[in-house]
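Survey of secondary and tertiary structure
What follows is the residue order along each chain.
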Amino acid sequence: MDFWKPLLLLQLLILSSSKCSSQSTSKQNVILLLADDAGFEMGAYLNKYCQTPNLDKLARSGLLFNNAFTSVSSCSPSRAQLLTGQASHTNGMYGLHQGVHNFNVLPEVTSSLPNELRKQSGGRVLSGIIGKKHVGGATNFKFDYEQTEEQHSINQIGRNITLIKQYARDFLSKAKNDGSPFFLVVGFHDPHRCGHITPQFGEFCERWGSGEEGMGSIPDWKPIYYDWRNLDVPAWLPNTDVVRKELAAQYMTISRLDQGVGLVLRELESLGLANETLIIYTSDNGPPFPGGRTNLYEHGIRSPLIIKSPEKAARHGETSAAMVSLLDIYPSVLDALQLPLPNATTFSGKSLLPVLHDEPPAKENDAVFGSHNYHEITMAYPMRMIRNRRYKLIHNLNYWANFPIDQDFYTSPTFQQILNATINKQQLPWYRTLLQYYQRPEWELYDIKVDSLERVNLVDKPKYSATLKQLRQQLYQWQIDTKDPWRCAPHAVLQEQGVFKKNPVCLTLGHEALQRPKRTLLTQYEEYVIV
């Protein structure tokens with residue numbers, strides 16, 4: 001019997017080693033394909049109208065996530081979360097970067113992906129970005145290779161898929177010739193609206209580069225025109241012909257984006273780099289429709305996410321129900337390149353590479369978090385959110401104000417129809433009213449399983465008091481862990497300097513004593529400290 005013990009031990013070691021190697025990953029390049037204001041308008045996510053053969057092919061060869069969420073529903077903050085791994089209230093990108101909005105990450109936020117890759121690899125890992133960047137801060141986000149709106153017009157570098165293809169070829173060729181591992185971001189500008197700036201190109205710039213008279217031509221784009229009369233309107237949007245026409249325009253630009261994805265991936269394959277590159281596709285936030293972008297409702301934060309691993313042992317042609325956040329992209333990129341997370345930095349994400357091999361067990365309290373502060377500079381409406389597999393809790397910190405509307409959505413045919421119908425007291429086939437959309441309570445609690453449109457607020461229902469308390473505690477703890485400056489708002493002031501430096505406290509503003517009519521005060525604090 002003793003003779004067999006060493007053999008048995010050797011077999012166990014071999015089996016263990018084999019199992020570990022199938023789960024571990026070799027060093028991989030990473031391409032992040034990023035859409036601009038896209039939702040689930042693709043065949044892989046069961047949209048039967050919008051033609052996206054390249055994204056569908058990517059989904060068939062990769063892992064498609066059904067529970068992916070952005071932590072913020074605004075362009076610059078979302079891109080900053082991807083590149084820093086931090087919530088917007090942590091990294092300081094509270095709103096849009098460009099123009100008068102002028103938001104930037106905090107000066108001390110220097111561990112962005114391009115900076116960290118350069119630092120940890122000693123410059124061996126090549127970083128690049130092509131297309132929309134929208135985070136500024138050359139020092140904070142210094143890519144080795146950049147072709148963005150800082151060097152080109154945003155349409156040329158974000159929607160001209162031929163130009164994107166050429167720059168992708170240039171970058172990938174350089175990486176191959178140098179023998180450098182790489183991280184490349186391709187930031188498409190589709191399907192972002194443009195009607196408020198260049199209406200001659202269509203509401204979504206769907207006519208730009210189409211070959212129509214006066215529109216110019218993108219050589220590699222084969223425009224797909226959609227007949228709005230054949231389209232179904234998703235349940236969360238007003239069921240009108242105006243919306244159908246907008247969807248037809250949006251789908252046209254989604255198909256352009258899809259063809260651009262195909263061009264980039266073919267460049268990757270032609271250079272022989274596909275078998276050693278992790279491919280990620282997602283969007284910064286939801287579509288620019290009511291309840292979408294700038295909202296923490298489902299269609300503002302739910303994100304398409306496809307990840308294709310080059311490893312044969314990884315999952316291919318499958319779907320995942322794992323609860324994941326776009327905050328997970330940062331650690332995933334570092335993991336793929338076999339680099340550790342930097343020290344002394346606040347992260348709440350985790351690498352998704354293990355999910356590419358094994359589906360994690362589903363737990364009812366698996367949760368993701370959201371933190372939205374501004375969009376445009378005038379849109380001061382900070383919100384916080386926790387969303388688990390069944391429930392969502394939203395905390396509207398500026399709930400006494402009307403929910404703000406951004407400029408390009410305001411001029412859209414969809415919003416103008418809602419606005420004019422409201423002003424003229426006309427019926428509109430939509431499950432919300434504009435008043436409900438504007439005026440939101442401080443707390444919103446929804447049972448997503450039975451109320452996917454988030455119509456019935458359960459916050460005052462005694463049956464859900466335990467759920468409410470648990471979610472409030474989880475959300476508040478996340479705010480503490482991520483150093484949220486708004487964690488005491490709106491009914492108290494955070495004091496964390498001077499005598500409070502070691503033990504920060506929330507000091508009351510006395511709102512509970514004001515007894516404002518028709519206004520329920522519900523806070524995350526059991527009691528206030530009064531000094």
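Residues numbered from 1 in each chain as written. Predicted model: local features only at pLDDT ≥ 70, side-chain atom pairs only at ≥ 80, totals over all residues. Heavy atoms only, no water.

1. Points about the sheet that holds strand E14 (residues 443–447)
The condition is simple: Any two strands are treated as partners once DSSP identifies two or more bridges connecting them. Numbering of helices and strands starts at the N terminus; helices are DSSP runs of H or I of at least 4 residues and strands are runs of E of at least 2. For every element, the axis is a line fit to its C-alpha atoms; helices are fit only across the contacting stretch, and the angle between N-to-C directions ranges from 0 to 180 degrees. Any pair of residues with heavy atoms lying within 4.5 Å of one another is described as a contacting pair.
Spatially, four strands are ordered E11-E12-E13-E14 in an open sheet, and the strand pairing comes out antiparallel. The two strands at the open ends of the sheet, each matched to only one other strand, are strand E11 (367–372) and E14. Across this sheet, the average inter-strand angle for adjacent strands is 10 degrees, counted without regard to direction. Bridge analysis of strand E12 (residues 383–388) against strand E13 (residues 391–396) gives five bridges, and the strand direction is antiparallel. By the bridge assignment for E13, Arg384 is matched with His395. Running at roughly 120 degrees to E12, helix H14 (residues 465–481) makes contact with E11, E12, E13 and E14 of the sheet.

2. Describing the packing of aromatic side chains
Note the threshold: Pairing of aromatic rings covers Phe, Tyr and Trp, the last counted by its six-membered ring, and requires centre-to-centre distances within 6.5 Å; plane angles under 30 degrees mean stacked, over 60 mean edge-to-face, and any other angle means tilted. Working definition: with a 1.4 Å probe on protein chains only, accessible area under 20% of the residue-type maximum means buried, over 50% means exposed, and in between means partly exposed.
Here the structure, examined in full by the defined rule, presents 20 aromatic pairs. Seen in terms of ring centroids, Phe409 and Phe415 are 5.2 Å apart; in terms of plane orientation they differ by 55 degrees. Their pairing is tilted. You'll find Phe409 and Phe415 in the same group, each marked buried. Cluster of aromatic residues (ring-pair linked, three or more members): Tyr381, Phe403, Trp430, Tyr431 and Tyr437.

3. Topic: the pattern of salt bridges
Condition: Any carboxyl oxygen of Asp or Glu that lies within 4 Å of a side-chain nitrogen of Lys or Arg is treated as forming a salt bridge with it.
Using the criterion set out here, one finds 30 salt bridges in the structure. One salt bridge in this structure joins Arg79 and Asp284, with 3.1 Å as the shortest N-O distance. Here Asp284 lies in the loop between strand E7 (277–283) and helix H9 (298–301) and Arg79 lies in helix H3 (residues 75–84), a separation of 205 residues in the sequence. Under the relative-accessibility criterion, Arg79 is labelled buried at 2%.

4. Things to note about the nonpolar core
Note the cut-off: Residues belong to a common nonpolar core when they are buried Ala, Val, Leu, Ile, Met, Phe, Trp, Tyr or Cys residues joined through side-chain atoms within 4.5 Å.
Of all hydrophobic cores here, the largest spans 83 residues; its most connected members are Leu33, Ile130, Leu172, Phe182, Leu184, Leu247 and Tyr281. The leading source of residues in this core is helix H8 (residues 241–270), at 13 residues. Ignoring any residue separated from it by four or fewer positions in sequence, one finds Leu247 in contact with Leu231, Asp232, Val233, Pro234, Leu237 and Phe289. Counting residues in each nonpolar core, the second largest holds 45 residues, with Leu113, Leu278, Leu337 and Leu353 among its members.

5. Regarding the side chain of Ser303
Our working definition: Two N or O atoms count as a polar contact when they lie within 3.5 Å, although within protein this holds only if one can serve as hydrogen donor and the other as acceptor, and sequence-adjacent residues are included solely when both atoms are side-chain atoms.
One can find Ser303 in the loop between H9 and strand E8 (305–308). Its relative accessible area of 1% is what places Ser303 among the buried residues. Only 3.2 Å separates the side chain of Ser303 from the backbone nitrogen of Thr70, close enough to count as a polar contact. Discounting residues that sit within four places of it in the chain, Ser303 has contacts with Phe40, Tyr45, Ala68, Phe69, Thr70, Thr282, Ser283 and Leu326.

Everything listed is a geometric property; what it means functionally is a separate question.
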